[in-house]
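Each chain is listed here by its residues.
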Amino acid sequence: MIEHFYKVADLVFVVRADERLDLAALLRNCEPFRVASGEAVAVFDLYTSPISYPEKTFLESDDSDMGHSELFSVGGGSHYLLELSEEGKKLGMMLCNRAFTNMEVRFNPASPYAGLVVSSMIRIAFAQRVLAFGGISMHSSTILCGGRGYMFMGKSGTGKSTHTRLWMENIPGAELLNDDNPYVRVVDGRATVYGSPWSGKTPCYRNLSAPLGGIVRLYQAPYNKIRRAEDVDALNQVLPGCSVLRRDSALHEMLVDNVLAMIEATTVAALECLPDADAARTSHEFLTR
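I will try to describe carefully the structure that is included in this document. These numbers come from a predicted model, not from an experiment. (Residues numbered from 1 in each chain as written. Predicted model: local features only at pLDDT ≥ 70, side-chain atom pairs only at ≥ 80, totals over all residues. Heavy atoms only, no water.)

## Concerning the side chain of asparagine 258
Part 1: Here asparagine 258 shows up in helix H5 (residues 249-265).
Part 2: Looking at asparagine 258, its side chain comes within polar contact range of the main-chain oxygen of leucine 131, at 3.1 Å.
Part 3: Sequence-distant contacts of asparagine 258, defined by excluding residues within four places in its chain, comprise Leu131, Gly134, Gly135, Ile136 and Val186. (Helix = DSSP H or I, 4+ residues; strand = E, 2+ residues; numbered from the N terminus. Polar contact = N/O pair within 3.5 Å; in protein donor to acceptor, adjacent residues only side chain to side chain. Contact = heavy atoms within 4.5 Å.)

This is the structure in structure tokens:
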């Protein structure tokens, strides 16, 4: 048995597998976050042999770039089972206890998608586990600039990656932290944004962090106009882009508490914008004034 420890958002998780598996090659995106050891908040055991889980109860499904996922309740509600498939072919599955402290991941190591499948399942489970530590996994493209991190959210196709690229092209010192799945943690009233091993289609796996300087939800428009969002409005701007199993009321309650603490600690805004340099300057000036 081999163990690899990884530290994301100042929280450690461990991946354990048969020593015949090359974990470094399997989880290349996680390598920048690898540490020698640590007190793990989540444990992932990898297995390459198939198994079936009887008496599973369907809860919900989702379609994404990863393929089709289905979530089930098993063990009389004591565990969750996540199954990933594409075009009807099962790619992998993960059994999780309800606290998301222990996960059993099963996959085909010969598949060309093996690393992506395992990484995706770790991402989903870890996003639930961090909620207990004031953490949030957020669907966002995030910039580092002037010693702070700025997050840009919005529906798919809104232009999050375009907007951060415009920052890098037009705002001196701006650099990409993560293009899809950064983390935020609020500790003692201070919000920090972290890079992660998961960055969508952009391979940006940076083990860096910074104080959170602001969150902006983007809306396409024929003009550039930004406004501050507060209270319930701020919650509505941020909450849809946060990862949680929404069928789990305890997890959802933790998420709402964490988001409320986050918006209390930073600036939240809504930006109606064009995909142009003036939009980047508009958000930059608002967030840094």
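## Remarks on the sheet that holds strand S1 (residues 2-8)
Part 1: Strand order in the open sheet formed by 9 strands is S3-S1-S2-S4-S9-S8-S7-S6-S5, and the pairing between neighbours is mixed. If you trace the sheet from one side to the other, it starts and ends with strand S3 (34-35) and strand S5 (57-64), each paired once.
Part 2: Bridge analysis of strand S2 (residues 11-17) against strand S4 (residues 40-47) gives 5 bridges, and the strand direction is parallel. Looking across to S4, one finds that valine 14 is bridged to valine 43.
Part 3: Against the sheet, helix H2 (residues 114-129) engages S1, S2, S4, strand S7 (79-86), strand S8 (89-97) and strand S9 (102-107), with an angle of about 150° to S4. (Pairing = 2+ DSSP bridges. Axes fitted to C-alpha atoms, helices over the stretch in contact; angles between N-to-C directions.)

## Here's the deal with the packing of aromatic side chains
Part 1: Under the criterion given, the structure shown has 11 aromatic pairs.
Part 2: Each ring, one from tyrosine 80 and one from phenylalanine 100, has its centre 5.8 Å from the other, and the planes form 20°; the classification is stacked. Here tyrosine 80 is found in strand S7, whereas its partner phenylalanine 100 is found in the loop between S8 and S9, with 20 residues between them in sequence. Both residues of the pair, tyrosine 80 and phenylalanine 100, count as buried.
Part 3: An aromatic cluster is defined as three or more aromatic residues linked by ring pairs; in this entry it consists of Tyr6, Phe13, Phe44, Phe126, Tyr183 and Trp198.
Part 4: Residue placement shows lysine 56 over the ring face of phenylalanine 72; its charged tip is 4.5 Å from the ring centre.
Part 5: The ring of tyrosine 47 has arginine 106 sitting right over it, with the charged end atom 4.6 Å from the ring centre. (Phe/Tyr/Trp six-rings, centres within 6.5 Å; stacked < 30°, edge-to-face > 60°. Buried < 20%, exposed > 50% of the residue type's maximum accessible area, 1.4 Å probe, protein only. Lys NZ or Arg CZ within 6 Å of the ring centre and 35° of its normal.)

## Quick look at the nonpolar core
Part 1: In this structure, Phe13, Phe44, Met138, Val238, Val259 and Met262 are the most contacted members of the largest nonpolar core, which totals 70 residues.
Part 2: Once you skip the residues sitting within four places of it in the chain, phenylalanine 44 turns out to touch Phe13, Val14, Val15, Arg16, Met94, Met103, Val105, Met121, Ile122, Ala125 and Phe126.
Part 3: If you look at the next biggest cluster of nonpolar residues, it comprises 18 residues, including Tyr150, Phe152, Ala279 and Phe286. (Core = buried A, V, L, I, M, F, W, Y, C linked by side-chain atoms within 4.5 Å.)

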